[in-house]
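Overview (structure and organization)
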Amino acid sequence: MTEDALPGFVELTAADPAYSACPEARLAPLRRRCPVHADPLTGHVLLARHADARRLLADPALWRHPSRARPDTLFHRFTALRPVDPAVPPGERTSILMLDQPDHLRIRTPLQQAFHARVFRARPLVEEVVADVLEGLAGAPAFDLVAAFAEPVPIHAIARILGVAPERREEFRRWSEAIILTLNPLRTPEEDAAAIAATDALHAHFAELMAARRKVPADDLVTDLVQAQAAGAPLSDREILLNLTALLVGGNLTTTDLIASGVRLLLLNPEALARLRADPSLAAAAVEETLRLEGPVDVTPRIAPSDMEIAGVPVPAGTPVFALLRAANRDPEVFAEPDRFDLGRQAGGAAPHLAFGGGAHSCIGAALARLEARVAFQRLFAAFPGLRLAGEAPAWRSLPGFRGLARLPVATGA
Ligand code: HEM
């Protein structure tokens, strides 16, 4: 790319090594020179300002499913893993993540009610999960914080919330990892095959669990959902399966990335870390600053249902419009000194960051991710008073649309 050229959609993803190395070098000029950018290569419109992105996400008239995007756009090709029978109703084809109204609201309402009630009571469970993972690390002089801490915490927490038996958790983790590959539009045929096999295995496991919980209820989300269904919630068995899977796919990698990026930012900002050590209640502010500065999700789409205009730029019907969440979260019109990690920002009444999106599709797992990351920061830094970074340049993963560390070598001073 030349200095003057505006970056297109693909050059704003982690698949581009220059973007990964320094996203701001591409996002800041875009926000300044062309904050509503129609990318000719992909047919997407990109929004780099906080105000435009926020308005887009809050608009209930916009669509979400890729099949509704114009066929000549890249987003239209973010298709399902296998061909879908048009006779199958929309709610049984895809999870709430890509579903449009009225099915989205019909399914999301009971799912959210049951899930949030569980998350509300999940602190002791999350404390236990984090303590177990830390126990396994006791005395270790050095480890990769991603593999040893940030990955196991979310997968164990969600497995317990859903109700997966301890002896099945390892399988469950492998399936979850294979299915995450479906989020990569540039995936290989081998990755497709692995994701299809894992989806089938996971669905079979959830179907077994649902049958078991109908006979003998347990203290878990699968029980809550089959009971809600029996009490009249308008959810089919397949809709429950698809959305249990969405909780896994939406929640694991993202929360891993939040924990690992937050630990890195705190280790890079010793003053903030000292404040957090002195006052662990600042973990909440550390989580929000991590979400704002190094949010795990870079972009989220909507689709124009009819011809429209955004800040004077024409947006024809069927155009995918992407909110560049990272660019919005560092918009200097909204956040003073936007590149600074500032634990005091929240107390100063900062505008909301957009790391969890917004409107009807806003992240259903935000409260769980926040809870896990707060407990993770508090317990990790208490367990390892001498924790420090051991690697040189950070190693970022290359999954388009996401921002996360592949590895984070740390030394404990033990
Ligand atoms: C730090 C961690 C997380 C981040 C940054 C994140 C971010 C997001 C974003 C940006 C969206 C799209 C919002 C929009 O388009 O307006 C989303 C949706 C979603 N997230 Fe999360 N997420 C996280 C954790 C979780 C967790 C823990 C779960 C579940 C256990 C989860 C499940 C979902 C689901 C199911 C959706 C689709 C909601 C809908 O379309 O109605 N996420 N998330």
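Rules used in this analysis
- Residues numbered from 1 in each chain as written.
- Predicted model: local features only at pLDDT ≥ 70, side-chain atom pairs only at ≥ 80, totals over all residues.
- Heavy atoms only, no water.
- Salt bridge = Lys/Arg side-chain N within 4 Å of Asp/Glu carboxyl O.
- Helix = DSSP H or I, 4+ residues; strand = E, 2+ residues; numbered from the N terminus.
- Buried < 20%, exposed > 50% of the residue type's maximum accessible area, 1.4 Å probe, protein only.
- Pairing = 2+ DSSP bridges.
- Axes fitted to C-alpha atoms, helices over the stretch in contact; angles between N-to-C directions.

Observations concerning the pattern of salt bridges
For the structure on display, the rule yields 29 salt bridges. Notably, a salt bridge pairs R26 with D16, separated by 2.8 Å at the nearest N-O pair. With R26 in helix α2 (residues 23–33) and D16 in the segment before α1 (17–21), the pair connects residues that are 10 residues apart, well separated along the chain. Taking the shortest distance from any N to any O, the salt bridge between R168 and E208 comes out at 3.7 Å. Of this pair, R168 sits in the loop between α7 (152–162) and α8 (169–180) while E208 sits in helix α9 (residues 189–215), placing them 40 residues apart in sequence. The exposure class assigned to R168 is partly exposed, which follows from its relative accessible area of 23%. What emerges from the salt-bridge pattern is a single network uniting E24, R264, E294, R326, R330, D339 and R403.

A closer look at the sheet that holds strand β7 (residues 320–324)
Taken in spatial order, the 4 strands line up as β1-β2-β7-β4 in an open sheet, and their pairing is mixed. For this open sheet the edge positions go to β1 (36–38) and β4 (299–303), each flanked by a neighbour on one side alone. Pairwise comparison of adjacent strand axes, ignoring direction, gives a mean angle of 25° for this sheet. Here β1 runs beside strand β2 (residues 45–47); their pairing, made up of 3 bridges, is antiparallel. Note that in β2 the partner of A38 across the bridge is V45.

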